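A closer look at the structure
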Amino acid sequence: MSLSVQQLTMTSSVESKISHLLAERNKEAIQLVFTHYGPLLLNVINRVLRDEVMSEDVLQSVLLKIWQNGHNFDGSKGSLFTWLVRVSKNAAIDKTRTKDYRLSQESKNGVEVVSIAESVSSGDEMETLYAKQLIAQLPEDLKTLIKMSFFEGYTHKEICEKLGIPLGTVKTRIRTAIKHLRSII
Amino acid sequence: MDIQAYISSGILEAYLAGELNEQEMKEVDRIASQYNEVRLELDSLRESLLKFAEAESKSPNSEILEGALESIQEIEKEKFFKVLDDEPEVKIQRVNIVPVWSIAASILLFISLGFNYIFYSQFKNTKDQLAALESDQTSLANRVSQTDQQLQYAQLRIAHFLSEDNVHIRMEGLDLSPESFANVFWNTKSNAVFISVDNLPEPPHGHQYQLWAIKPGLAPIDAGIFDHNQLVQELKVIKGNVEAFAVTLEKEGGSPIATVDKTFVKGFLKKS
């Protein structure tokens with residue numbers, strides 16, 4: 001528990017550090033945003049676009065926007081994360097209005113399933129052997145839920161449709177999965 | 001507020017998954033800032049997820065970050081150059097408001113016009129002066145030529161006076177013109193007669209002076225008509241015993257018979 005408190009303090013200081021760096025228009029802010037929020041923001045974008053490659057492009061443009069507009073971020077109106085999510089969502093929505101996106105949508109069906117399958121079976125390129133071993137202890141169904149909800153852009157409603165489980169159960173299982181994850185890390 | 005129940009509701013997971021709308025997210029932010037426990041829970045959840053992402057290769061490709069940083073660098077470079085480029089733009093805008101070049105051009109035009117006027121005046125003056133000078137020169141040349149001619153006559157007269165071969169007869173004015181006088185030189189070797197027109201009134205229009213040689217007992221002999229304006233002129237050759245010379249006013253072209261009552265001057269040869 002003491003470890004996690006230390007960690008949390010660190011995270012909070014990271015958030016305020018990012019805010020300060022953004023105000024100073026320092027590029028290091030973007031690096032920190034990418035490291036600490038990148039996976040979650042990519043998920044937010046992918047939730048709208050349903051295209052991993054396109055989502056990565058949008059994340060890149062989001063990082064630019066964050067750097068360009070970061071000095072306008074007002075901490076009194078919400079957390080940095082809330083602001084980052086809004087910028088990401090807007091960028092993704094903007095992308096859906098492009099011809100580029102419409103064309104890709106027309107020739108796309110069933111890719112989502114393949115994407116899930118790939119994601120589920122991936123894991124060969126783990127960087128941290130220790131973390132891999134720990135996370136390997138997680139039951140597959142919980143891992144899938146975490147991936148879908150936090151890293152693959154599926155809404156709870158979509159997950160319940162895909163996996164054929166009720167919405168309430170999806171929410172409870174995600175909560176359980178994270179709880180489990182935290183207990184092993 | 002039951003914090004534990006709030007945390008257990010799954011709203012924090014939904015928050016991190018981007019499941020909530022902005023209003024709901026702000027509500028979570030508000031509660032997290034109010035309740036330290038909620039904030040810690042949120043941060044802890046995020047850290048766990050990041051660890052999971054790292055372990056499961058769910059972190060976005062690092063090329064995304066590199067690409068973004070490169071773009072930022074490009075933008076910064078462009079901005080830097082734009083700042084440099086902006087300077088002349090500002091100047092151009094200033095020109096639009098106050099057309100400096102046109103003011104400068106106007107000033108130059110006025111200066112040019114001023115100079116043009118000055119130069120034109122000077123040119124005109126010079127031209128006038130030149131014309132005056134030319135006219136002066138012409139009149140001077142005329143005078144010189146006139147004087148030259150007069151000098152030639154004078155020299156010629158002196159030569160005639162000094163010539164030992166010449167007989168000199170001074171003809172004095174008569175009643176018609178008492179003030180008048182003229183001289184005749186008669187060369188004793190060649191018998192040539194020269195007249196020096198010294199003071200004779202301007203002949204009336206269509207009339208001319210004529211010289212006559214007078215021999216005793218004979219009618220006057222024509223010695224030639226002469227030009228009133230030419231001072232010294234060679235006339236006819238007169239031979240024989242001449243007593244006197246006289247000048248009469250005749251019709252233009254002369255007369256074979258002297259009009260004696262129009263005799264202006266007359267002079268007798270000195271008896272040697």
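These notes cover the structure that comes with them. Remember, it's a predicted structure, so these values are computed and weren't measured experimentally. (Residues numbered from 1 in each chain as written. Chains lettered and ligands numbered in written order. Predicted model: local features only at pLDDT ≥ 70, side-chain atom pairs only at ≥ 80, totals over all residues. Heavy atoms only, no water.)

1. Here we look at the overall build of chain A
A count of helical and extended segments in chain A gives 10 helices and zero strands. Ordered by position in the sequence, the α and β elements of chain A form the string α-α-α-α-α-α-α-α-α-α. For chain A, buried positions account for 47% of its 185 residues. Partitioning the intrachain contacts of chain A with sequence separation of at least 6 by distance along the chain shows that 65% fall at a separation of at least 24. Accessible surface, chain A: about 9,300 Å² in total, of which carbon and sulfur atoms supply 54%. (Helix = DSSP H or I, 4+ residues; strand = E, 2+ residues; numbered from the N terminus. Buried < 20%, exposed > 50% of the residue type's maximum accessible area, 1.4 Å probe, protein only. Contact = heavy atoms within 4.5 Å. Areas by Shrake-Rupley, 256 points an atom, 1.4 Å probe, with all protein chains shown as cover.)

2. Points about the environment of Met54 of chain A
Residues and elements named next belong to chain A. Among the secondary structure elements, Met54 is positioned in helix H3 (residues 52-69). With a relative accessible area of 9%, Met54 lands in the buried category. Sequence separation between Met54 and Tyr101 is 47 residues, and the spatial gap between their C-alpha atoms is 8.1 Å. Every residue in contact with Met54, bar those within four places of it in the chain, is listed here: Leu49, Lys95, Asp100, Tyr101 and Ser104.

3. A look at the sheet that holds strand E2 (residues 181-187) of chain B
All names here are of chain B. Pairing is antiparallel in the open sheet, where eight strands are placed in the order E5-E4-E7-E8-E1-E2-E3-E6. Strand pairing shows two members of the sheet lacking a second neighbour, strand E5 (221-226) and strand E6 (232-237), which therefore form its edges. Geometrically, the sheet is characterised by an average inter-axis angle of 25 degrees between neighbouring strands, direction not taken into account. Two elements, strand E1 (residues 166-173) and strand E8 (residues 263-268), share two bridges in a ladder whose sense is antiparallel. Of the residues in E8, the one forming a bridge with Glu172 is Lys266. (Pairing = 2+ DSSP bridges. Axes fitted to C-alpha atoms, helices over the stretch in contact; angles between N-to-C directions.)

4. Overview of the pattern of salt bridges
Summed over all chains, the structure comprises 21 salt bridges over all chains. Where Arg46 of chain B meets Glu15 of chain A, a salt bridge forms, and the shortest distance between an N and an O atom there is 3.6 Å. Remark: Glu15 of chain A occurs in helix H1 (residues 2-23) and Arg46 of chain B occurs in helix H4 (residues 36-55); the pair is interchain, linking two chains. Each member of the pair Arg46 of chain B and Glu15 of chain A is classed as buried. Here Glu161 of chain A and Lys157 of chain A are joined by a salt bridge, their closest N and O atoms 3.7 Å apart. Within this pair, Glu161 of chain A and its partner Lys157 of chain A are both found in helix H9 (residues 156-163), separated by four residues, close to a single helical turn. Classification of Glu161 of chain A as exposed rests on a relative accessible area of 55%. According to the relative accessible area criterion, Lys157 of chain A is exposed, its value standing at 53%. (Salt bridge = Lys/Arg side-chain N within 4 Å of Asp/Glu carboxyl O.)

5. Notes on the side chain of Ser177 of chain B
All names here are of chain B. Within the element layout of this structure, Ser177 appears in the loop between E1 and E2. Judged by its relative accessible area of 11%, Ser177 is buried. Setting aside anything within four residues of it in sequence, one finds Ser177 in contact with Pro201 and Phe264.

6. Comments concerning the packing of aromatic side chains
Any two aromatic rings considered together are summarised by their centre-to-centre distance and by the angle between their planes. Following the criterion strictly, the structure yields 10 aromatic pairs over all chains and no others. A ring pair is formed by Phe150 of chain A and Phe151 of chain A, whose centres lie 6.5 Å apart and whose planes are at 55 degrees; its orientation type is tilted. No difference in accessibility class separates Phe150 of chain A from Phe151 of chain A, as the two residues are buried. By way of ring pairs, the aromatic residues Tyr37 and Phe81 of chain A together with Tyr15 of chain B are connected into one cluster. The positively charged end of Arg50 of chain A is found above the aromatic ring belonging to Tyr154 of chain A, 4.6 Å away from the centroid. In this arrangement the basic side chain of Arg170 of chain B is found over the ring face of Phe181 of chain B, its NZ or CZ atom lying 4.2 Å from the centre. (Phe/Tyr/Trp six-rings, centres within 6.5 Å; stacked < 30°, edge-to-face > 60°. Lys NZ or Arg CZ within 6 Å of the ring centre and 35° of its normal.)

7. Considering the environment of Glu52 of chain A
Turning to its location among the elements, Glu52 of chain A is positioned in helix H3. When the C-alpha atoms of Glu52 of chain A and Gly153 of chain A are compared, they prove to be 9.3 Å apart, with 101 residues separating the residues in sequence.

8. Overview of the interface of chain A and chain B
With 62 residues of chain A at the contact, the number on the chain B side is 51 residues. A combined buried area of about 5,000 Å² lies between chain A and chain B, and 64% of that area is made up of carbon and sulfur atoms. At the boundary of chain A and chain B, one finds seven salt bridges. A salt bridge links Glu19 of chain B to Arg47 of chain A, with the nearest nitrogen and oxygen atoms 2.4 Å apart. Contributing elements (two or more residues each) for the side of chain A that touches chain B: H1, helix H2 (28-49), H3, helix H4 (80-96), helix H7 (129-136), helix H8 (140-151), H9 and helix H10 (167-184) of chain A. Counting residues per element, the side of chain A that touches chain B draws most heavily on H2 of chain A, which supplies 13 residues. (Buried area = accessible area lost by both parts, 1.4 Å probe.)

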